[in-house]
Structures are given as structure tokens and as C-alpha cells.
Amino acid sequence: MLFRSDLERVFGPQSLGGFAPGGVRDGHMPGSAHYDGRAVDVFFRPITPTNQVRGWAVAQYLVAQAARLDIATVIFDDRIWTARRSSAGWRDYDAPSGPGDADVLAHRDHVHVDVFA
């Protein structure tokens, strides 16, 4: 994915996860782009004011470069941006309920980014 090398060129080495060639096998909600190998998570742990600023810098950069990098979705800090509804800007994210850490489900500790198929 082009955006991974682009992120490291702009922001330096990043803590990445949720990706495997051909897709991951588990650990994400049903229908996730992670299973198709189209998504990566950029981690900003622990959740601190400094890491929130860093996460938002990455999230905003990805949105600004979405057309060039073929980005479909960016989620961070309980907010979502999608290329298909880009004119609506950042919207509230309806985090899935269920077992697991609420901060992880709301993407407060990581930026989720996925690309078009």
C-alpha cells in the first residue's frame, strides 16, 4: 500500500498493525477491510494528549492525500472520514459494541486507514 511508505517518508517510522499480505484472519469486526488486506492501523499508544495530537496529524494528512493515495476511509478518536462522503467532512463514528476495550473500538489509540479495492 502506497500510503504506508508515504507515511514513513513524511512522519518517520510508525507503529503499524492489523495488516498481512492477503488479509488478516481475525481480530476485527465482520466485514472489515483488514480481512481483505486493504487496511492498516497506525498506533498512538498510550492515549495521551501528545499522542492524540500525533494521531490527528497523521489522520488529517491521510485525508488531505486521499485522492493521491487511493484512501477510502480514515477513522480516529471516535471520528470517521470517508472518500464517498468527503463533502460531509469528519463525522461521529458509531463504534461497534461488544467485547473488547472501548478505546480500541472507538479508535482512540490508533488511526485506521483503508484503501479502495
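Scroll up a little and you will see the structure.
Residues numbered from 1 in each chain as written. Predicted model: local features only at pLDDT ≥ 70, side-chain atom pairs only at ≥ 80, totals over all residues. Heavy atoms only, no water.

A. Main features of helix 1 (residues 2-11). What helix 1 keeps buried is the set Phe3, Asp6 and Leu7. Across the axial projection of helix 1, the buried residues extend over an arc of 105°, all falling on one side. Buried residues in helix 1 make contact with strand 2 (39-43), helix 2 (49-64), helix 3 (66-69), strand 3 (71-76) and strand 6 (110-115). Following helix 1 by one or two positions, Gly12 adopts a phi angle in the positive range, close to 85°. (Buried < 20%, exposed > 50% of the residue type's maximum accessible area, 1.4 Å probe, protein only. Helix = DSSP H or I, 4+ residues; strand = E, 2+ residues; numbered from the N terminus. Arc of directions from axis to C-beta. Contact = heavy atoms within 4.5 Å.)

B. Up close: the layout of surface pockets. Taken as a whole, the largest pocket encloses approximately 570 Å³ of empty space. Of all the secondary-structure elements, those providing two or more residues to the lining of the largest pocket are strand 2, strand 3, strand 5 (91-92), helix 4 (102-105) and strand 6. Residue contributions to the lining of the largest pocket peak at three residues, all from strand 6. Here the residues of the lining of the largest pocket sort into ten nonpolar, 13 polar and seven charged. (1 Å grid on protein atoms, 1.4 Å probe; cavity = no way out; pocket = protein on both sides within 12 Å on 5 of 7 lines; lining within 4 Å. Points joined across faces, edges and corners; volume = space filled by probe spheres on them. Nonpolar A, V, L, I, M, F, W, Y, C, P; charged D, E, K, R; others polar.)

C. Layout of the packing of helix 1 against helix 2. Running from N to C, helix 1 and helix 2 point in directions that differ by 125°, and their axes come no closer than 12 Å. With respect to their mutual orientation, helix 1 and helix 2 come out oblique. Where helix 1 crosses over helix 2, the handedness of that crossing is right-handed. Of helix 2, the residues touching helix 1 (which contributes Phe3, Asp6, Leu7, Arg9, Val10 and Phe11) are Ala57, Val58, Tyr61 and Leu62. Of the residues in the contact of helix 1 with helix 2, the class split is eight nonpolar, no polar and two charged. (Axes fitted to C-alpha atoms, helices over the stretch in contact; angles between N-to-C directions. Parallel < 35°, antiparallel > 145°, perpendicular 65-115°, else oblique. Left-handed = near helix turned anticlockwise from the far one by under 90°.)

D. Looking closely at the environment of Asp6. The topology assignment puts Asp6 in helix 1. When sequence neighbours within four positions are dropped, the list of residues in contact with Asp6 reads Tyr61, Arg68 and Leu69. Here the side chain of Asp6 touches Arg68 through a polar contact of 3.1 Å, side chain to side chain. (Polar contact = N/O pair within 3.5 Å; in protein donor to acceptor, adjacent residues only side chain to side chain.)

E. The nonpolar core, seen in detail. Phe3, Leu62, Ile71, Val74 and Val111 are the most contacted members of the largest nonpolar core, which totals 20 residues. Residue assignment for this core shows that the elements contributing at least two residues are helix 1, strand 2, helix 2, helix 3, strand 3 and strand 6. A per-element tally of this core places helix 2 first, with five residues. With sequence-adjacent residues up to four places away left out, Val111 is seen in contact with Val40, Asp41, Val42, Phe44, Gly55, Val58, Ala59, Leu62, Val74, Ile75 and Phe76. (Core = buried A, V, L, I, M, F, W, Y, C linked by side-chain atoms within 4.5 Å.)

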